[in-house]
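# Reading the structure
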Amino acid sequence: MEEIIKNIIQIDKEAIEKQERTKQVIEEKESQKKALLKKIKDEINLSMKQEIEDAKKSTQNEVDAETEKIKSESAKKLEQLEITYKEISDSLVDEAFEIVLRSLEG
């Protein structure tokens, strides 16, 4: 009878030890899982930051290109306006000169 009780106690002791080992394994696996999830989160954040930075650079490049295009077009329009102004100014000078000549002749 005493031997049976010792066996029962031994079985209970082994079951408790096995349960403790299983608990430790589960805790280790949970810890590994958390570490992997953190790694995934960090990689996603880094990837998103890189995508945002790339989008900013792309947008800035587009803005710079459009600014240069506007500057170029503005310079061309200014040049055309200056030519038109010169033509009108020369025409007015010529007309004024003709009016002065006619007034002197007449």
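Let us look at the structure shown here. All values reported here derive from a predicted model rather than from experimental measurement. (Residues numbered from 1 in each chain as written. Predicted model: local features only at pLDDT ≥ 70, side-chain atom pairs only at ≥ 80, totals over all residues. Heavy atoms only, no water.)

## Points about the pattern of salt bridges
Basically, it comes down to this: Salt bridge, as used here: a side-chain nitrogen of Lys or Arg that lies within 4 Å of a carboxyl oxygen of Asp or Glu. Strands are runs of DSSP state E lasting at least two residues, helices are runs of H or I lasting at least four, and both sets are numbered from the N terminus onward. Burial status follows relative accessibility: with a 1.4 Å probe on protein chains alone, a residue under 20% of its type maximum counts as buried, one over 50% as exposed, and anything between as partly exposed.
Taken as a whole and judged by the stated rule, the model has four salt bridges. Across the pair Lys 38 and Asp 42 runs a salt bridge, and its minimum N-O distance is 3.0 Å. Of this pair, Lys 38 and Asp 42 are both found in helix H1 (residues 2-105), four residues apart, which corresponds to roughly one turn of the helix. When its relative accessible area of 51% is taken as the criterion, Lys 38 is described as exposed. The closest approach of N and O atoms between Arg 102 and Glu 98, which form a salt bridge, is 3.4 Å. In this pair, Arg 102 and Glu 98 are both assigned in helix H1, four residues apart and thus about one turn of the helix distant.

## Thoughts on the environment of Ile 11
Examined against the element boundaries, Ile 11 turns out to sit in helix H1. Judged by relative accessible area, which is 54%, Ile 11 ranks as exposed. Each C-alpha atom, one on Ile 11 and one on Glu 51, is 59 Å from the other, the two residues being 40 residues apart in sequence.

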